Amino acid sequence: MPRVPFSVTHSLPIDVAAQRLLAGVPKLEKAIPGGGKVEATQIGEDGMLLRIGVMGQTITVDSILTADAVGGTVEIPLVLAMMKGQISQMVEGAITRMLGADPQKQAVEQPA
């Protein structure tokens, strides 16, 4: 399976970045075109493994959170290999959106 490296920089405290990434997983699942399933497993204090089920295939995102970035690899099934560039961009975009979203601010802004 092709493995594509990625890195998304941030300027958040690590605990805030981790909270935002975990809070974004359900939103990621809802955003998958045609529906999909996302399973997230936290590995230690700084790692996360995402398994994204789409089109009968599983895309695996293995990531490490550091003080200034989220980096890792996206493992793409051979069936989807011709879309590896787009898939990698989607993963980076989703991580960027997750890190930018403030769950507390969103809760305050939503009408009761």
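Right above here is the structure, for reference.
An account of the accompanying structure is given in this report. Fair warning: this is a prediction, and the values are worked out from it, not measured in the lab. (Residues numbered from 1 in each chain as written. Predicted model: local features only at pLDDT ≥ 70, side-chain atom pairs only at ≥ 80, totals over all residues. Heavy atoms only, no water.)

### Focus on the environment of Met98
Then comes step 1: With respect to the helices and strands, Met98 occurs in helix 2 (residues 84-100).
Then comes step 2: Overall, the relative accessible area of 10% leaves Met98 in the buried class.
Then comes step 3: Distance in space between the C-alpha atoms of Met98 and Gln19 is 9.4 Å, their sequence separation being 79 residues.
Then comes step 4: Residues within four places of Met98 in sequence aside, it is in contact with Arg20, Leu21, Gly24, Val25 and Leu28. (Helix = DSSP H or I, 4+ residues; strand = E, 2+ residues; numbered from the N terminus. Buried < 20%, exposed > 50% of the residue type's maximum accessible area, 1.4 Å probe, protein only. Contact = heavy atoms within 4.5 Å.)

### Examining the sheet that holds strand 3 (residues 47-54)
Then comes step 1: Spatially, the 5 strands line up as an open sheet ordered 1-5-4-3-2, and their pairing is antiparallel. The open sheet is flanked by strand 1 (3-9) and strand 2 (37-43), the only strands paired with a single partner. Each strand of the sheet is rotated relative to its neighbour by a mean of 20°, with strand direction disregarded.
Then comes step 2: Summarising the sheet, strand 1 and strand 5 (residues 69-75) pair through 7 bridges and their orientation is antiparallel. Looking at strand 5, one finds that Val8 is bridged to Val70. (Pairing = 2+ DSSP bridges. Axes fitted to C-alpha atoms, helices over the stretch in contact; angles between N-to-C directions.)

### So, the nonpolar core
Then comes step 1: Judged by nonpolar contacts, the single largest core of 28 residues is most densely connected at Val74, Ile95 and Leu99.
Then comes step 2: Elements that contribute at least two residues to this core include exactly strand 1, helix 1 (14-31), strand 3, strand 4 (57-65), strand 5 and helix 2.
Then comes step 3: Per-element tally for this core: the top contributor is helix 2, with 6 residues.
Then comes step 4: Not counting chain neighbours up to four residues away, the residues in contact with Val74 comprise Pro2, Arg3, Val4, Phe6, Ile59, Thr60, Val61, Ile87 and Val91. (Core = buried A, V, L, I, M, F, W, Y, C linked by side-chain atoms within 4.5 Å.)

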